[in-house]
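Architecture at a glance
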Amino acid sequence: MPRADVAAFEFLTQALVGITAQSLDALDGAVTVSQFRLLRTLDGLGRVSCSALAAALGTAASSVTRLVDRLEAAGLVERGADAHSRVIVTVQVTGAGREVVGAVLARRHALIEAVLDTMTSGERERAVIAAERFALLAGAAVAAGAKGPVAL
């Protein structure tokens with residue numbers, strides 16, 4: 001049995017993953033969690049090589065290639081060539097892909113707001129402080145080489 005604080009954060013993780021799943025449900029199965037993660041990461045990076053995208057996602061290049069194939073077929077990403085080396089394949093989000101990211105994030109924000117609106121102002125303030133601190137410390141772990149927060 002985990003410590004009480006660990007159990008509380010595990011419960012929080014489950015709640016946030018549930019909200020993420022609900023936000024993707026708004027797309028009626030248009031993209032999977034893995035595909036959305038790639039879209040969200042790529043939207044933040046702009047046009048990058050597939051190998052750079054794989055590194056950012058912490059996954060194998062072959063997995064990225066399969067995801068990009070599906071997303072390209074759906075018109076959500078497009079491939080290109082690097083300006084300096086035509087051997088390097090690049091990928092970027094299309095306008096339709098940005099709309100998907102925006103729709104999911106808008107839905108997620110609305111779901112999170114609905115929960116936060118049920119809290120008192122004091123509870124909300126303490127939650128914000130704890131969330132920011134936890135994310136900061138988790139980010140430090142990522143910088144030190146541990147697996148950590150990824151776009152989701």
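This one's a predicted model, so the numbers in the text were calculated from it and none came from an experiment.

We now examine helix H3 (residues 50-57). The complete set of buried residues in H3 reads Cys-50, Leu-53, Ala-54 and Leu-57. Across the axial projection of H3, the buried residues extend over an arc of 100 degrees, all falling on one side. Exposed residues pointing more than 90 degrees away from the buried face of H3 are listed as Ser-51 and Ala-55. Buried residues along H3 sit in contact with helix H2 (33-45), strand E1 (48-49), helix H4 (61-73) and strand E3 (89-93).

A word on the pattern of salt bridges. Using the criterion set out here, one finds four salt bridges in the structure. Here Asp-69 and Arg-79 are joined by a salt bridge, their closest N and O atoms 2.6 Å apart. On the criterion of sequence distance, the pair formed by Asp-69 in helix H4 and Arg-79 in strand E2 (residues 77-81) is long-range, its members being ten residues apart. For Asp-69, a relative accessible area of 37% translates into the label partly exposed. On the accessibility criterion, Arg-79 (28% relative accessible area) is partly exposed. Linking Glu-72 and Arg-79 is a salt bridge whose minimum nitrogen-to-oxygen distance equals 2.5 Å.

This structure, assessed with the given rule, holds one aromatic pair. Ring centres 4.7 Å apart and planes at 20 degrees place the aromatic pair Phe-9 and Phe-134 in the stacked group. With Phe-9 in helix H1 (residues 4-25) and Phe-134 in helix H6 (residues 121-143), this residue pair connects regions lying 125 residues apart in the sequence. You can call Phe-9 partly exposed: its relative accessible area is 36%. The exposure class of Phe-134 is partly exposed, given its relative accessible area of 45%.

Turning our eyes to something else, we now look at the packing of H2 against H4. Direction vectors running N to C along H2 and H4 enclose 90 degrees, while the axes themselves pass 10 Å from each other. By the angle between their directions, the pair H2 and H4 is classed as roughly perpendicular. Residues Ser-34, Gln-35, Leu-38 and Leu-39 of H2 form the contact with H4, whose own contacting residues are Val-64, Leu-67, Val-68, Arg-70 and Leu-71. Here the contact of H2 with H4 is composed, by residue class, of six nonpolar, two polar and one charged.

Conventions used here
- Residues numbered from 1 in each chain as written.
- Predicted model: local features only at pLDDT ≥ 70, side-chain atom pairs only at ≥ 80, totals over all residues.
- Heavy atoms only, no water.
- Buried < 20%, exposed > 50% of the residue type's maximum accessible area, 1.4 Å probe, protein only.
- Helix = DSSP H or I, 4+ residues; strand = E, 2+ residues; numbered from the N terminus.
- Arc of directions from axis to C-beta.
- Contact = heavy atoms within 4.5 Å.
- Salt bridge = Lys/Arg side-chain N within 4 Å of Asp/Glu carboxyl O.
- Phe/Tyr/Trp six-rings, centres within 6.5 Å; stacked < 30°, edge-to-face > 60°.
- Axes fitted to C-alpha atoms, helices over the stretch in contact; angles between N-to-C directions.
- Parallel < 35°, antiparallel > 145°, perpendicular 65-115°, else oblique.
- Nonpolar A, V, L, I, M, F, W, Y, C, P; charged D, E, K, R; others polar.

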